[in-house]
Protein chains: 4
Amino acid sequence: MAWTDHSFMARNAVAKGKAGQHHTLTEEEQGEYHYVYGPYATPVLTIAPGDVVAVETLDAFGGAIKTEDDLPSKVLKFPYVNPQNGPIAVTGAQKGDVLAVHIHAVLPRGPQPAGTTALIPGFGALVADPNLFLNPHITERVKKMEVTPEGGVKFSDRITLPYEPFVGTMGVSPQLEAVSSLQPDYWGGNMDCPDVAPGAIIYFPVQRDEAHFFIGDCHGRQGDGELCGVAVEIAATVTVQIDLIKSWSIPGVRIETEDFIMSLGSARPMEDAARMAYRDLVRWLVEDYGFEESEAYFLATQAGKMRVGNMVDPKYTMGASMLKSYIS
Amino acid sequence: MAWTDHSFMARNAVAKGKAGQHHTLTEEEQGEYHYVYGPYATPVLTIAPGDVVAVETLDAFGGAIKTEDDLPSKVLKFPYVNPQNGPIAVTGAQKGDVLAVHIHAVLPRGPQPAGTTALIPGFGALVADPNLFLNPHITERVKKMEVTPEGGVKFSDRITLPYEPFVGTMGVSPQLEAVSSLQPDYWGGNMDCPDVAPGAIIYFPVQRDEAHFFIGDCHGRQGDGELCGVAVEIAATVTVQIDLIKSWSIPGVRIETEDFIMSLGSARPMEDAARMAYRDLVRWLVEDYGFEESEAYFLATQAGKMRVGNMVDPKYTMGASMLKSYIS
Amino acid sequence: MAWTDHSFMARNAVAKGKAGQHHTLTEEEQGEYHYVYGPYATPVLTIAPGDVVAVETLDAFGGAIKTEDDLPSKVLKFPYVNPQNGPIAVTGAQKGDVLAVHIHAVLPRGPQPAGTTALIPGFGALVADPNLFLNPHITERVKKMEVTPEGGVKFSDRITLPYEPFVGTMGVSPQLEAVSSLQPDYWGGNMDCPDVAPGAIIYFPVQRDEAHFFIGDCHGRQGDGELCGVAVEIAATVTVQIDLIKSWSIPGVRIETEDFIMSLGSARPMEDAARMAYRDLVRWLVEDYGFEESEAYFLATQAGKMRVGNMVDPKYTMGASMLKSYIS
Amino acid sequence: MAWTDHSFMARNAVAKGKAGQHHTLTEEEQGEYHYVYGPYATPVLTIAPGDVVAVETLDAFGGAIKTEDDLPSKVLKFPYVNPQNGPIAVTGAQKGDVLAVHIHAVLPRGPQPAGTTALIPGFGALVADPNLFLNPHITERVKKMEVTPEGGVKFSDRITLPYEPFVGTMGVSPQLEAVSSLQPDYWGGNMDCPDVAPGAIIYFPVQRDEAHFFIGDCHGRQGDGELCGVAVEIAATVTVQIDLIKSWSIPGVRIETEDFIMSLGSARPMEDAARMAYRDLVRWLVEDYGFEESEAYFLATQAGKMRVGNMVDPKYTMGASMLKSYIS
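In every chain, residue numbers begin from 1 and rise along the written sequence. Here the convention is simple: chains get letters from A, ligands get numbers from 1, in the order in which they are written. Per-residue local features of the predicted model are confined to residues with pLDDT of at least 70, and side-chain atom pairs are confined, for both listing and counting, to 80 or more; whole-chain, interface and lining totals are unaffected and use all residues. Only hydrogens and water are removed before side-chain values are computed, so all heavy atoms of the structure are retained for them.

**Structural notes on the side chain of Gln84 of chain A**
All names here are of chain A. Cut-off, in case you're wondering: Put simply, DSSP H or I for four residues or longer makes a helix, DSSP E for two residues or longer makes a strand, and each gets a number counted from the N terminus. Burial status follows relative accessibility: with a 1.4 Å probe on protein chains alone, a residue under 20% of its type maximum counts as buried, one over 50% as exposed, and anything between as partly exposed. Polar contacts here mean pairs of N or O atoms no more than 3.5 Å apart (in protein, one a potential hydrogen donor and the other a potential acceptor; neighbouring residues in sequence count only if both atoms are side-chain atoms). Contacts are assigned to residue pairs that have any heavy atoms within 4.5 Å of one another.
The topology assignment puts Gln84 in strand β5 (residues 84-90). Note on Gln84: relative accessible area 0%, which makes it buried. A polar contact is formed between the side chain of Gln84 and the backbone nitrogen of Gly216, at a distance of 3.2 Å. When neighbours within four sequence positions are excluded, Gln84 is seen to be in contact with Gln30, Tyr33, His34, Tyr37, Thr169, Ser181, Phe214, Ile215, Gly216 and Asp217.

So, in structure tokens, the structure goes:
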């Protein structure tokens with residue numbers, strides 16, 4: 001029996017976590033990609049809860065960086081970066097519900113070297129934003145890397161890193177806002193959190209009818225914080241099973257895996273993202289695990305783990321988690 | 001052969017990482033404990049590089065919280081909290097050197113329940129500071145827990161957590177300043193970082209003649225961030241081997257273990273602590289591992305790990321690390 | 001001769017700062033109000049550069065708080081707060097241009113007491129956000145005040161404050177995003193900066209064809225920071241003259257008055273908003289006043305003034321200014 | 001009758017705000033200057049409450065920058081910057097009391113050009129800290145300026161700025177800590193707030209017996225925030241009258257002038273400094289002006305003013321003020 005059979009998805013969702021009909025969302029079927037998470041785009045696909053969709057995502061640069069000579073300042077056209085597939089409408093979803101997204105697989109697409117990272121002028125956690133500081137830029141640079149599930153990420157002749165893929169950007173549409181796909185928030189978006197990975201179930205609070213799910217920006221791997229602002233960016237085929245939990249009120253994104261539960265917070269400064277994540281973890285422990293609030297606060301103090309998702313996007317993303325073995 | 005034989009301590013320190021003379025620093029030998037890290041206290045012990053000291057530390061409350069009825073607001077007398085042993089003078093140490101502290105063991109002392117955590121009014125990451133906010137306090141509370149190396153931390157009838165001890169507060173004296181033992185900074189202090197644990201070597205930048213080493217505030221365990229501000233506080237016997245690396249210029253605290261190297265940053269807001277940690281990790285990769293700077297920045301982006309030490313102290317502490325397997 | 005004859009608007013705009021045709025935008029003409037600044041709404045009015053529009057704005061609560069018994073938690077329906085008039089299309093405006101908005105007057109509308117302030121649960125600079133903290137709320141409260149241009153703001157029996165009105169929320173549409181009217185950013189929005197007042201000219205960087213100007217949320221007065229999050233909120237008739245400066249590249253909102261020039265920055269944490277404001281002021285001094293950069297930096301250091309606009313909105317707004325008498 | 005006759009100092013202090021004996025504290029009498037605010041230095045002068053002291057302060061560089069060729073990176077020796085006079089012991093002062101310091105005058109000393117500002121590598125609000133960022137430095141630079149009370153500050157051939165002097169660093173010793181004179185905090189220190197000016201009374205919460213007052217770092221003038229980190233630094237003769245208010249519990253520094261009362265907050269990030277300042281202003285309005293708390297919060301919202309003192313020091317300093325005309 002799989003751990004997912006005991007997941008919140010299996011226990012509470014409309015399709016009980018059972019996989020339904022299979023769909024594809026190829027580049028061709030997608031047509032125009034999107035650069036905001038919002039309610040103003042027409043769905044490209046409508047599915048029932050439980051359905052599975054194999055999505056062809058572009059990399060965060062829309063494929064514009066083909067070689068190490070394609071400098072970002074030359075080939076990128078802001079705000080047209082981080083293209084997103086969708087929106088995918090989910091029948092029956094309403095504000096106050098939760099979309100449960102079980103990630104089956106993330107596989108790289110396209111010719112090798114399939115992975116791209118880059119130093120983009122004025123962008124990244126260790127460089128000065130030119131709208132805030134007077135310093136000269138560091139040198140712009142692109143690095144292409146071979147990426148395969150079997151061979152890993154060929155970082156350099158000297159270093160090969162494991163292929164540990166995840167989805168950088170994923171979520172549901174806000175109710176009235178249409179927000180850049182570069183930004184994370186309570187509805188998901190550009191969280192750049194390595195725990196949004198194959199095997200995990202991600203829970204998003206639905207904000208509008210039929211949820212309008214977006215997805216894109218896959219990474220072959222990434223360190224904590226996505227330091228320079230650009231992970232191992234890949235075009236990918238992502239397979240997700242999307243279920244619907246009616247009437248579950250959650251203030252932001254949550255993750256469930258075989259081993260842990262995690263609450264995400266996206267905010268600035270970073271301590272507010274960390275507080276938001278832990279605050280919701282305490283709430284979750286109280287609501288679904290029977291803890292008295294101060295006891296949950298104590299447990300998070302002694303046994304909580306914190307993931308730094310990104311420290312580069314318009315909001316920083318932190319994830320506070322608790323091992324299921326402590327609370328089940 | 002032990003990993004420590006290849007450590008920076010073994011390769012570069014005066015005593016080559018070999019254990020020298022053994023000393024004790026019992027409660028009685030300590031006499032008065034200290035509440036600031038500074039150059040104005042007389043050394044209680046002078047040792048040679050390589051010497052080993054078994055120190056009897058008090059818990060962060062100086063033992064004042066004996067039962068769950070001893071509320072912090074009644075029994076604590078600020079600023080007399082977080083008592084520290086020391087200073088221990090290390091012969092030959094000068095500004096510009098590094099103290100290498102190899103932690104051999106952290107063992108709980110005193111009668112059970114040996115562990116204490118608490119909700120202190122107005123203190124903690126999820127409570128409003130009354131000097132900033134108007135909200136009423138949450139309820140004050142103390143929780144005592146049995147703590148043994150074999151049996152772990154008895155958090156509750158339902159939950160036992162592993163005994164994963166570490167030293168919450170440790171470091172060297174600043175040059176001119178005398179800073180509260182509640183604060184972490186580039187010289188160490190109250191970092192509350194769980195990686196400052198048995199087996200690790202901690203490197204501190206010496207600021208004055210003979211370094212003047214302080215230590216205290218052991219924890220039976222702690223989650224990332226020390227959320228409520230109080231870990232599993234224990235009185236302990238800590239055994240440390242203290243060596244000296246001459247003329248190693250490091251801007252802050254670094255950690256080395258069998259598996260990884262880590263740079264610590266302490267600052268507010270939290271993103272500055274994270275930047276400081278990663279900035280120094282990049283510097284370390286360049287200086288001691290032969291990386292070109294942008295390559296080190298890329299590697300940290302794709303493979304760096306970030307520990308949230310504390311998110312409650314006067315400065316927050318973050319640790320950026322890199323697996324040795326990637327860089328050796 | 002008026003100071004405006006020497007303004008950037010008079011010197012560089014299409015209509016040279018001369019008032020053109022007069023329009024009204026009454027509540028009835030507006031019809032549906034808007035809750036996001038974005039490109040997806042159909043213009044309610046199209047004007048030529050230089051035209052003057054008298055706009056009937058609602059208060060930030062859409063008039064829902066009529067008495068001190070109308071508690072926000074009962075009568076407000078998020079996200080339907082801070083209703084905005086517009087969008088007003090300005091012919092000829094394109095991305096890369098600047099909209100110059102000269103505020104002629106802000107006059108209160110409706111029955112007395114026309115002014116409203118309130119303590120909204122979990123909102124305000126001195127209260128703990130329940131998504132970050134565990135503390136109980138402070139008591140919810142509404143305060144109604146008589147507001148007239150002649151008589152001022154009747155704060156209490158004991159205190160009458162001057163009528164110093166301004167526009168809390170005003171700006172142009174982003175290019176692709178549709179952002180809550182509660183948020184300020186580089187395009188304007190909910191800046192809550194008291195310098196956006198009658199007599200001033202506000203410069204906005206146009207992001208899309210015809211600019212799409214929005215306006216609302218007038219205040220009878222406000223202290224620095226809009227501390228509790230709610231100023232003296234009034235329904236108003238605002239008269240603005242809207243001109244167009246072609247091909248002026250500015251990164252954010254700027255203000256010009258008879259006495260000073262000011263650059264605004266909106267960001268979190270607050271120091272980033274302050275840096276953004278001062279960084280742009282330095283840029284402005286270099287580009288339009290002939291200063292060498294380090295000289296401009298020195299002058300801002302010795303003679304710059306900083307306004308705290310808001311410290312409560314999703315981004316904080318700061319304004320860095322320089323007296324014209326020092327630089328002309 | 002002077003406004004000071006109604007001040008908190010006149011009403012509550014031991015000497016009732018009357019000037020007592022006159023003292024000098026010349027460079028020679030001072031001898032060694034101090035670089036930390038702490039309890040470990042021997043008083044250089046002991047006075048009675050009400051006594052007046054004329055102090056010869058050095059500039060923040062200890063006079064080491066004599067010409068525009070004396071670059072900071074060459075002539076400064078950290079941590080020996082920002083030298084302070086004192087400590088001055090005040091008889092009868094105890095923890096829980098308040099030192100009331102009435103500033104009579106700040107006059108420049110030494111040969112012209114008496115004023116110095118500088119761009120110090122890696123320091124300043126608009127430059128990237130090299131412990132956080134990878135960017136290259138901006139160019140180091142010194143600017144010397146003639147400064148006289150009558151002629152003002154000769155910023156350049158083109159610009160003369162008013163002489164508006166104040167004391168950059170002033171305060172009392174902490175209880176146990178000895179903190180760099182570069183840092184501001186609840187006991188005062190390097191607040192760099194232009195309201196600490198001749199005519200004002202500054203209130204400091206005493207932390208130890210006889211208070212131990214320090215002073216230094218005078219500025220010929222400064223803009224809000226001390227942007228590049230260096231104001232118009234001058235050596236000066238400062239005359240202060242120091243009185244003592246017994247048993248007045250205040251959490252941080254407060255200022256009183258003829259026109260307003262102000263609470264200061266020093267913290268990072270900046271919003272926490274702003275909250276601390278406004279939080280204490282609300283407290284003050286409640287304790288000494290008879291306001292109910294929510295009414296004080298409303299009044300601060302509608303009529304409070306916020307000064308940005310510094311945005312460059314280890315803690316940022318903000319001042320929240322209220323006009324006396326509104327509350328008396």
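**Things to note about the interface of chain D and chain C**
Note the threshold: A quick way to say it: buried area is the sum, across both parts, of accessible area lost when two parts are put together, with a 1.4 Å probe. Here, a salt bridge means any side-chain nitrogen of Lys or Arg that lies within 4 Å of a carboxyl oxygen of Asp or Glu.
Listed as interface residues are 58 residues of chain D and, on the opposing side, 58 residues of chain C. The contact between chain D and chain C buries some 4,900 Å² in all, and 61% of this surface belongs to carbon and sulfur atoms. Together, Tyr297, Phe298 and Gln302 of chain D form the three largest contributors to the area buried by chain D at its contact with chain C, with a combined 17%. Taken together, chain D and chain C are joined by 6 salt bridges.

**Some details on the relation of the copies chain D and chain C**
Formally: C-alpha atoms of residues with pLDDT of at least 70 in both copies form the basis for the least-squares superposition of the copies.
Mapping chain D onto chain C calls for a screw motion: a turn of 180° about the axis and a shift of 0.0 Å along it, with 0.0 Å RMSD after fitting. Both copies are brought into coincidence by an operation consistent with a two-fold rotation axis. For chain D, the residue whose C-alpha comes nearest the rotation axis is Met270 of chain D, separated from it by 2.7 Å.

**Describing the pairing of strand β7 (residues 115-119) of chain D**
On a regular strand, each side chain points to the face opposite its neighbour's, so the side chains alternate between the two faces of the sheet. Residues and elements named next belong to chain D. Defined as follows: One bridge is not enough; two strands pair if DSSP finds at least two bridges between them.
A large share of β7 lies buried, amounting to 5 of its 5 residues. Strand direction decides the pairing type here: β7 and strand β8 (residues 141-145), joined by 5 bridges, are antiparallel. Across the sheet, residue Ala118 finds its bridge partner in β8, namely Val142.

**What to know about the sheet that holds strand β20 (residues 254-256) of chain C**
Residue and element names in this part refer to chain C. Definition in use: Throughout, an axis means a line fitted to C-alpha atoms (over the contacting stretch in the case of helices), and angles, computed between N-to-C directions, take values from 0 to 180 degrees.
Pairing within the open sheet is mixed, and its 9 strands lie in the order β1-β4-β19-β6-β16-β20-β21-β23-β22. Strand pairing shows two members of the sheet lacking a second neighbour, β1 (22-25) and β22 (305-310), which therefore form its edges. On average, each strand axis in the sheet is inclined to that of its neighbour by 25°, with strand direction left out of account. Relative to strand β4 (residues 52-57), β1 is paired through 4 bridges, and the arrangement is parallel.

**Re the environment of Gln183 of chain A**
Residue and element names in this part refer to chain A. Tracing the chain through its elements places Gln183 in the loop between β13 (179-180) and β14 (184-185). Residue classification places Gln183 among the buried positions, given a relative accessible area of 14%. Ignoring anything within four residues of it in the chain, the contact list for Gln183 reads Gly188, Gly189, Asn190, Pro314 and Lys315.

**Focus: helix α4 (residues 270-289) of chain B**
All names here are of chain B. Definition in use: In this analysis, the expected span of each helix is defined as 1.5 Å times one less than the number of residues it contains.
Compared with the 28 Å implied by 1.5 Å per residue over 20 residues, the 27 Å span of α4 between its first and last C-alpha is a close match. The element α4 is extensively covered by neighbouring structure, given that 16 of its 20 residues are classed as buried. Looking one or two places after α4, you find Gly290, whose phi comes out positive at around 75°.

**A word on the relation of the copies chain B and chain A**
Overlay of chain B on chain A (RMSD 0.0 Å): rotation 180°, translation along the axis 0.0 Å. A share of 100% of interface residues in chain B that are also interface residues in chain A marks the association as one of identical surfaces.

**As for the packing of aromatic side chains**
The cut-off we apply is this: A pair of Phe, Tyr and Trp rings is counted when the ring centres sit within 6.5 Å of each other, with Trp represented by its six-membered ring. The angle between the planes then sorts it: under 30 degrees is stacked, over 60 is edge-to-face, the rest tilted.
Counted according to the given criterion, the structure contains 44 aromatic pairs over all chains. Measuring from ring centre to ring centre gives 5.5 Å for Phe133 of chain A and Phe133 of chain D, while their planes differ by 55°; the resulting arrangement is tilted. Placement of Phe133 of chain A in the loop between β7 (115-119) and β8 (141-145) and of Phe133 of chain D in the loop between β7 and β8 is noted, with the two residues assigned to different chains. Residue Phe133 of chain A shares its accessibility class with Phe133 of chain D, and that shared class is buried. With centroids separated by 5.3 Å and ring planes inclined at 75°, the aromatic side chains of Tyr203 of chain B and Trp248 of chain B adopt a geometry described as edge-to-face. Here the residue Tyr203 of chain B occupies a position in strand β16 (residues 201-205), and Trp248 of chain B occupies one in the loop between β19 (236-245) and β20 (254-256), the gap between them amounting to 45 residues. Neither residue differs from the other here; Tyr203 of chain B and Trp248 of chain B are each classed as buried.

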